[in-house]
Each structure stands twice: as C-alpha cells, then as structure tokens.
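Topology and contacts: notes
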Amino acid sequence: MNSNNSKTEFIQKCFRDLLDDGQPHRYREILDYTRQQAVGTEFEGTIEQNNVVIAFGQHLNDPDSPYGRVRHGVYQKIPRCVLQDQQLNKQLTVLHRFLDQAVALQERMGEAYAGCKDNWPDSSERFSAFWKSADKAVDETIDCLAAWIAETEDFDMELQGQQQVSPTMQM
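The paragraphs below set out a description of the structure included in this document.

1. Things to note about the overall build of the protein chain
On a plain count of helices and strands, the protein chain comes out with 6 helices and 3 strands. Its helices and strands in sequence order give the protein chain the pattern α-β-α-α-β-β-α-α-α, from N to C terminus. For the protein chain, restricting intrachain contacts to residue pairs at least 6 apart in sequence, the fraction spanning at least 24 positions comes to 61%. Looking at the protein chain as shown, the accessible area adds up to about 11,100 Å², and 52% of this sits on carbon and sulfur atoms.

This is how it looks when you write it as structure tokens:
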C-alpha cells in the first residue's frame with residue numbers, strides 16, 4: 001500500500017472516530033485530533049491542513065455518507081435524511097467545495113512562487129508581478145465565495161424561520 005493511501009485512510013479513520021459521537025466538530029478540532037492521533041505513528045509531523053481537507057472531503061462528497069458539513073467549517077455525523085431535508089444543503093456543499101479548492105489553490109500557488117524565488121533568486125522580480133496579480137485574483141475569489149456562502153446560509157435561515165411560523169400566525 002502506498003504511503004499516501006495509508007495516510008488518507010488514517011485521516012479518514014480519525015475523522016470518523018471523532019465524528020461518530022454525533023456532535024458537531026469544527027475543522028480545527030478535527031485537524032488537532034488527527035495530529036494527536038498521529039503522534040507515535042509513521043504520520044507524526046506529516047499531517048497538514050490540506051491533507052485533512054482532501055482526505056475527509058471524500059466522506060462529504062459520498063452521497064451515502066452519514067457525515068456532512070452542517071455549516072462553514074463545522075462537520076457532524078447525522079442521519080442523511082436530515083441533510084437532505086435542508087433545501088439548500090447541496091448548494092452550500094458545492095460552494096464550500098469551491099471555497100476549499102480556492103484556498104488550496106492559493107496555498108499551492110504560494111508554494112510555487114516560493115520555489116521560483118528559491119530556484120532563481122536573481123530573477124524573483126520577474127515572477128513577482130504575476131504572483132501578486134494571481135494571488136490578488138484568488139483572494140478576491142475567496143472573498144466572493146465566502147460572501148455567497150454567507151448569503152445562501154442567511155437565505156436558508158429565513159426559509160427555516162418561515163417554516164417554523166404556525167399557520168394561524170401567517171396572515
């Protein structure tokens with residue numbers, strides 16, 4: 001078994017173990033838990049943020065998975081029917097996936113730019129303008145996606161509030 005697959009499986013197991021309590025857990029808590037579980041294993045010191053997101057993201061994208069994103073950065077094991085009952089959950093999941101991918105892209109772009117500066121220190125200015133422009137564009141994309149998500153979540157809360165109003169109170 002290749003090391004990347006076993007690391008992915010390790011992260012997925014940590015994700016399931018933590019979320020199997022049925023309580024909501026923040027992304028940072030999942031990351032910290034996974035890092036704690038890695039102590040003393042071959043994965044100690046190798047658990048990075050993007051490893052965790054990519055690995056447990058497979059659970060979130062599986063339509064039969066009992067694990068879901070209940071709001072931005074918060075994950076929980078809940079009956080799938082509950083997730084499906086939320087009218088906008090699918091839209092939010094797609095938007096969150098885009099946001100995660102944009103953040104990962106920005107991190108990878110930063111690594112690529114750092115590599116250019118390390119490999120060609122005398123030519124770093126040559127790449128600087130491209131890096132700044134690309135980083136700014138991705139930053140704006142991240143901001144817009146976050147605003148879109150927030151607006152969608154607000155809309156969903158409004159819909160839920162309307163559903164909770166009793167028929168006798170609606171006039």
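After that view, the rundown keeps rolling.
2. Observations concerning the environment of Val52
Note that Val52 resides in helix 3 (residues 49-61). In this structure the C-alpha to C-alpha distance between Val52 and Leu31, which are 21 residues apart in sequence, comes to 6.7 Å. With near-sequence residues (within four places) excluded, Val52 lies in contact with Ile11, Tyr27, Ile30, Leu31, Ile47 and Gly57.

3. So, the side chain of His25
Note on placement: His25 falls in strand 1 (residues 25-26). With sequence-adjacent residues up to four places away left out, His25 is seen in contact with Leu18, Leu19, Ile30, Gly73, Val74 and Tyr75.

4. Some details on the sheet that holds strand 2 (residues 67-71)
What the 3 strands build is an open sheet, ordered 1-3-2; its pairing is antiparallel. Each edge of the open sheet is held by one strand with a lone partner, namely strand 1 and strand 2. Two elements, strand 1 and strand 3 (residues 74-77), share 2 bridges in a ladder whose sense is antiparallel. Across the sheet, His25 pairs through a bridge with Tyr75, a residue of strand 3. Packed onto the sheet, helix 3 meets strand 2 and strand 3 and runs at close to 95° relative to strand 2.

5. Quick word on the layout of surface pockets
In this structure, the largest pocket occupies an estimated 510 Å³ of space. Taken together, 23 residues make up the lining of the largest pocket; nearest its centre are Val53, Ile54, Leu99, Asp100 and Gln101. Secondary structure elements with two or more residues in the lining of the largest pocket: helix 3 and helix 5 (89-119). Residue classes in the lining of the largest pocket are distributed as 9 nonpolar, 9 polar and 5 charged.

6. Observations regarding the pairing of strand 2
In the sheet, strand 2 pairs with strand 3 via 4 bridges, with the strands oriented antiparallel. By the bridge assignment, Gly68 is partnered in strand 3 with Gln76. Hairpin remark: strand 2 followed by strand 3, antiparallel, with 2 residues in the connecting loop; positive phi at Gly73, about 75°.

Cut-off values and rules
Residues numbered from 1 in each chain as written. Predicted model: local features only at pLDDT ≥ 70, side-chain atom pairs only at ≥ 80, totals over all residues. Heavy atoms only, no water. Helix = DSSP H or I, 4+ residues; strand = E, 2+ residues; numbered from the N terminus. Contact = heavy atoms within 4.5 Å. Areas by Shrake-Rupley, 256 points an atom, 1.4 Å probe, with all protein chains shown as cover. Pairing = 2+ DSSP bridges. Axes fitted to C-alpha atoms, helices over the stretch in contact; angles between N-to-C directions. 1 Å grid on protein atoms, 1.4 Å probe; cavity = no way out; pocket = protein on both sides within 12 Å on 5 of 7 lines; lining within 4 Å. Points joined across faces, edges and corners; volume = space filled by probe spheres on them. Nonpolar A, V, L, I, M, F, W, Y, C, P; charged D, E, K, R; others polar.

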